[in-house]
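Descriptive analysis of the structure
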Amino acid sequence: RGDWKVEAVTGLAVGDMSAKRSAPGDSESGERKRGKKAAAAAGGGGPADLTKLIQLRKVMETEDELPALTSLGLKDEVIQVDEMDDPDVKTAIEEVMLEIAASILAGRGFGFKIPSRTSTSQLYVSQLDRMVLKKVLKDRVFANTSQVRKTTITTRVLELIHQVVSKQIHITKRDLFYTDVKLFGKQEESDSVLDDIACMIGCTRTSLNVVASDKGVVVGRVTFLEDGDHIDCTKMGVGGKAIPALVHKITNIKSDAQFILLVEKDAAFMRLAEDRFYNKYPCIIVTGKGQPDVASRLFLRMLKQSLKIPILALMDSDPHGIRIMCTYMKSSKAMSYDSDSLATGDIKWLGVRPSDLNKYKIPEQCRLDMDEKDIKEATTLLDSDFIIKNSQWVQEIEMMIKMKKKAEIQALSSFGFQYLTEEYLPAKIKAGDWI
């Protein structure tokens, strides 16, 4: 009898709530209906339709691989770095220090020839579809009062890296900072010098054995070995598997996924993971939780090279989201010297695009006003060579500037918490609505 009463009361409560949700004039219900109607008009609803994705994969298979930097006659004009093992990094550091010792003995003092990583040193190479760093060297000398501290930090970091590679161990950037907090002052100082040193001795940043803490996450239809341990990313719960800082220890990648879904934020990632989106739409879901770290970018490139499947990007409809997507695709300016190993070209912009705000009838209260900083950043994007070459990207950014509106992925939740996985993404994928 007690069970019957609970059932009856529960049923009544559910019935009341259902009636309330479907009541005429209810604003929430109206928004949800409009969202579903917009998604249906865009091709959503029904079973998973991967026809357009399969066509995209076939096109990718026929495309020629990008040329090597050396074949473009730019070898002597740009900085090239290579993956080095510990003994090679150790030897390179020792050669630098021997040159400094010789300079001091000759009475010339000491300093370093550091490649400049300023904006003016960045070069977009359209044939490679990524940023590279021009070979522009600047002196960093101990005798210069404005450079003495930076020169000292560089020398100290070289010493610490030499210790690390000699012991063949890895440390975090935070570990490095705490070895000499008084000298470094802020971690940004030691982090920046790490990139300077990688440029100077000609190795990738990961070759220095100094890594960031885990940040990125992956979930979905992919398995691999991590330092010999078998990892199945379909059995990682809603939190997913942390992308390890030591990406080079990942081997034997296997997957039956049709595409990779690159997500800007952790909140959208959680929704996709909890709804097991990858079961209905065979995919691998990756997020760098905002601005991606080196490991997330390396891992994405590794997946693309191993599996040769499309990458669809789900970002906020704002300049910052576009900038993050470009970091994955073309590399960041700070690490353009290592773009060959970090950049993953031909990522398709799935959403949320500025045109989606009207197409999917995003409510006005979910559209945020762009401030002057946003508009300036969007305008700067339009001046980027890799944006200019894609007319569809230009149209979207121009539309954003004209509307002066931006929106987060979470704006789709105004139509229901699972609208993203049940309506929006299925409609986009079915229609092949990416650029």
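This one's a predicted model, so the numbers in the text were calculated from it and none came from an experiment.

Remarks on the sheet that holds strand β8 (residues 223-226)
- In space, the 3 strands of this open sheet follow the order β9-β8-β11, with antiparallel pairing throughout. Of all the strands in the sheet, just β9 (229-232) and β11 (250-254) have a single pairing partner and so form its edges. Ignoring strand direction, the axes of neighbouring strands in this sheet form an average angle of 20°.
- Two elements, β8 and β9, share 4 bridges in a ladder whose sense is antiparallel. The partner of Glu226 across the bridge, within β9, is Asp229.
- Seen against the sheet, helix α11 (residues 294-307) touches β8 and β11 and runs at an angle of roughly 45° to β11.

A look at the packing of aromatic side chains
- Within this structure, the stated rule accounts for 9 aromatic pairs.
- Consider the rings of Phe277 and Tyr281, whose centres lie 5.0 Å apart with planes at 10°: the pair is stacked.
- On the accessibility criterion, Phe277 (3% relative accessible area) is buried.
- On the basis of relative accessible area, Tyr281 is assigned to the buried category, the value being 2%.
- One aromatic cluster is present, built from ring pairs that chain together Phe110, Phe112 and Phe142.

Some thoughts on the nonpolar core
- By size, the foremost hydrophobic cluster in this structure holds 83 residues, and its most contacted members are Ile161, Ile201 and Ile284.
- Not counting residues within four places of it along the chain, the set of residues in contact with Ile284 comprises Val218, Val219, Arg221, Val222, Ser255, Ala257, Phe259, Ile260, Leu261, Leu303, Leu307 and Ile309.
- Listed in part, the 37 residues of the second largest apolar core include Leu261, Ala273, Val352 and Ala407.

Describing helix α18 (residues 419-431)
- Taking 1.5 Å of rise per residue, 13 residues should cover 18 Å, and α18 covers 17 Å from first to last C-alpha, within 8% of that figure.
- Roughly 30° is the biggest bend found in α18, and it falls at Leu425, with proline Pro426 one to four residues downstream.
- Most of α18 is tucked away: 10 of the 13 residues are buried.
- Of all the positions in α18, only Tyr419, Leu420, Thr421, Glu423, Tyr424, Leu425, Pro426, Ala427, Lys428 and Ile429 are classed as buried.
- With its phi angle positive at about 65°, Gly432 sits one or two positions after the end of α18.

A word on the sheet that holds strand β7 (residues 217-220)
- One open sheet accounts for 6 strands, arranged β10-β7-β13-β12-β14-β15; its pairing is mixed. Either end of the sheet is taken by a strand with one partner, and the two such strands are β10 (241-242) and β15 (347-351).
- The pairing of strand β12 (residues 259-263) with strand β14 (residues 311-314) spans 4 bridges and is parallel. Bridging across to β14, Leu261 finds its partner in Leu312.
- Contacts from helix α9 (residues 266-274) reach β7, β12 and β13 (283-287) within the one sheet, and its direction differs from that of β13 by about 155°.

Definitions and cut-offs
- Residues numbered from 1 in each chain as written.
- Predicted model: local features only at pLDDT ≥ 70, side-chain atom pairs only at ≥ 80, totals over all residues.
- Heavy atoms only, no water.
- Pairing = 2+ DSSP bridges.
- Helix = DSSP H or I, 4+ residues; strand = E, 2+ residues; numbered from the N terminus.
- Axes fitted to C-alpha atoms, helices over the stretch in contact; angles between N-to-C directions.
- Contact = heavy atoms within 4.5 Å.
- Phe/Tyr/Trp six-rings, centres within 6.5 Å; stacked < 30°, edge-to-face > 60°.
- Buried < 20%, exposed > 50% of the residue type's maximum accessible area, 1.4 Å probe, protein only.
- Core = buried A, V, L, I, M, F, W, Y, C linked by side-chain atoms within 4.5 Å.
- Expected span 1.5 Å × (residues − 1).
- Bend = angle between axes of the 7 residues up to and from the residue.

This is a description of form; function is not addressed.
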